[in-house]
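Structural overview for review
The chain contents come next:
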Amino acid sequence: MQTRIHQDVSEAARLLSAGEVVAIPTETVYGLAADGLDEASVKRIFFLKGRPAYDPVILHTDQLEKVWRLVTEIPEPLLMLARKFWPGPLTLLLPRSTEVPDIVTAGLPRVGVRIPKHPMTLQLLSLLDFPLAAPSANPFGYVSPTRPEHVWKHFAGRIPLILDGGVCTQGIESTIVGMEEGLVVVYRLGSLPVEAIQEVIGPVILRTYSTSRPEAPGMLIRHYAPHKRVIICDDLAETKSSQEDPACAFITFTSDLDLGPRSRWLSSSFSLEEAAANFYHALQTWDEEKDIHTIIIEKFPDTAQGKALNDKLRRASAE
Ligand code: TXA
Ligand code: MG
């Protein structure tokens, strides 16, 4: 199969309506999309990703009115979040309607829904009369793609189209939120900061780890991981001076140090948002460098997107 990379939204709509899988840009990461109400189309996504059947996928749409077809209820606190943050990097777990195929939710009682904030994909969704099921466009367990070329690396020759929406502005996945017994629970830390959620609805519960059957595989201990070894450190300046091995590369949030050619810093302006946007690309760049066997990453400040980055870091470095 020939894979094309272009910006023709109506061609993407045509392919998706014919049951094909197309890579789409969002503000968080690229997704591997298909008709979310058609079981056979969603199955192809699972096959392409090598994704286990127990791992549900998120449905994407462009309007709150279209969400109602997919769910039986939107509890008030979650509706407040939807109104405030959609379109945006927020996924809500809501009681599913009978329209949603089992394969989408992996048989779970809730469906994950989000309205992404990317002009090209919003335009695409407005042309469709079905939602798009879309997990991140990477092989299961690997680092998520934030540029068309990341998707190309894994799926060239296997899908007809990568819709080229440029570099993702947020760069890490959406924050996943739901309710349990009247309480709001965050299941995956993502680019919407927990602090922003709490400003709207007050305190929330964090439940982002799971050892057995995960509520969300982003909860798995090892996930988002490159092939090379990843080590977390508290202070890169200190670590680097004792670490002269030329096969080690470094990633840091921001730094005054001259870190040399094997280093990348993620923000020049102390911006965690900018760091998040650059994080996966830095990880993949070092992962592809054949002379590097270890990637050493400095912990992020533990606020806003830094919390999510530290979480990804822990999972990328888990043995
Ligand atoms: O930013 C994002 O959310 C990106 C873009 C493409 O929208 N998508 C994404 O999808 O990260 P994925 O499949 O890579 O991660 C979605 C996570 C998975 O860990 C999945 O288990 C969880 O969401 N999830 C989806 N539906 C769920 C459900 N019904 N119940 C529990 N967890 C769910
Ligand atoms: Mg993923």
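Everything that follows concerns the structure shown earlier in this document.
Summarised in this report is the structure supplied together with it. This structure is a prediction, so every number in the text was calculated from the model and none was measured.

Examining the overall build of the chain
Scanning the chain for helices and strands turns up eleven helices and 15 strands. Its C-alpha atoms give the chain a radius of gyration of 19 Å, within 12% of the compact-globule value 20 Å for 319 residues. Overall, the C-alpha framework of the chain stretches about 60 × 50 × 35 Å when taken along its three principal axes. The buried share among the 319 residues of the chain stands at 60%. Summarising the internal contacts of the chain: among those between residues at least 6 apart in sequence, 67% fall at separations of at least 24. Element-wise, carbon and sulfur atoms account for 52% of the exposed surface of the chain, whose accessible area totals about 13,200 Å². Computing the positive centroid from 32 side-chain charges and the negative centroid from 40, the chain places the two 3 Å apart.

Points about the pattern of salt bridges
Overall, the coordinates contain 15 salt bridges when judged by the stated rule. Between R14 and E11 there is a salt bridge, with its nearest N and O atoms 3.1 Å apart. With R14 and E11 both in helix α1 (residues 9-17) and three residues apart, this pair spans about one turn of that helix. Given a relative accessible area of 49%, R14 falls into the partly exposed group.

Side note on the packing of helix α10 (residues 272-288) against helix α11 (residues 304-317)
Interhelical geometry of α10 versus α11 gives an angle of 25 degrees and a closest axis separation of 9 Å. Judged on the interaxial angle alone, α11 and α10 are roughly parallel. Between α10 and α11 lies a crossing of left-handed hand. Residues L272, E273, A275, A276, F279 and Y280 of α10 form the contact with α11, whose own contacting residues are Q305, G306, L309, K312 and L313. Grouping the amino acids of the contact of α10 with α11 by side-chain chemistry returns seven nonpolar, two polar and two charged.

Things to note about helix α6 (residues 119-127)
M120, T121, L124 and L125 are the residues of α6 that are buried. Around the axis of α6, the buried residues are gathered within 130 degrees of arc, so they sit on the same side. Summarising the contacts, the buried residues of α6 are in contact with α1, β2 (22-24), β4 (58-60), α3 (64-67), β7 (132-133) and β8 (161-163).

Points about unusual backbone geometry
Residue W86 is joined to P87 through a cis peptide bond whose omega torsion reads -5 degrees. Even without being a glycine, F270 presents a positive backbone phi close to 55 degrees. Relative to the helices and strands, F270 resides in the loop between β14 (263-265) and α10. Overall, F270 belongs to the exposed group, its relative accessible area being 60%.

Side note on empty space enclosed by the protein
Considering all chains together, one arrives at one cavity of 30 Å³ or more under this definition. Size it by volume and the largest cavity reaches roughly 550 Å³. If you go around the largest cavity, you meet 40 residues; those closest to its centre are R51, P56, I58, I176 and R188. Residue assignment for the lining of the largest cavity shows that the elements contributing at least two residues are β4, β5 (90-95), α5 (102-105) and β6 (110-114). Top contributing element to the lining of the largest cavity by residue count: β6, with four residues.

Cut-offs and rules
Residues numbered from 1 in each chain as written. Chains lettered and ligands numbered in written order. Predicted model: local features only at pLDDT ≥ 70, side-chain atom pairs only at ≥ 80, totals over all residues. Heavy atoms only, no water. Helix = DSSP H or I, 4+ residues; strand = E, 2+ residues; numbered from the N terminus. Rg over C-alpha atoms; globule rule 2.2 N^0.38 Å. Buried < 20%, exposed > 50% of the residue type's maximum accessible area, 1.4 Å probe, protein only. Contact = heavy atoms within 4.5 Å. Areas by Shrake-Rupley, 256 points an atom, 1.4 Å probe, with all protein chains shown as cover. Lys, Arg positive; Asp, Glu negative; His and termini not counted. Charge placed at Lys NZ, Arg CZ, Asp CG, Glu CD. Salt bridge = Lys/Arg side-chain N within 4 Å of Asp/Glu carboxyl O. Axes fitted to C-alpha atoms, helices over the stretch in contact; angles between N-to-C directions. Parallel < 35°, antiparallel > 145°, perpendicular 65-115°, else oblique. Left-handed = near helix turned anticlockwise from the far one by under 90°. Nonpolar A, V, L, I, M, F, W, Y, C, P; charged D, E, K, R; others polar. Arc of directions from axis to C-beta. 1 Å grid on protein atoms, 1.4 Å probe; cavity = no way out; pocket = protein on both sides within 12 Å on 5 of 7 lines; lining within 4 Å. Points joined across faces, edges and corners; volume = space filled by probe spheres on them.

Remember that the coordinates give geometry; whether it matters functionally is a separate question.
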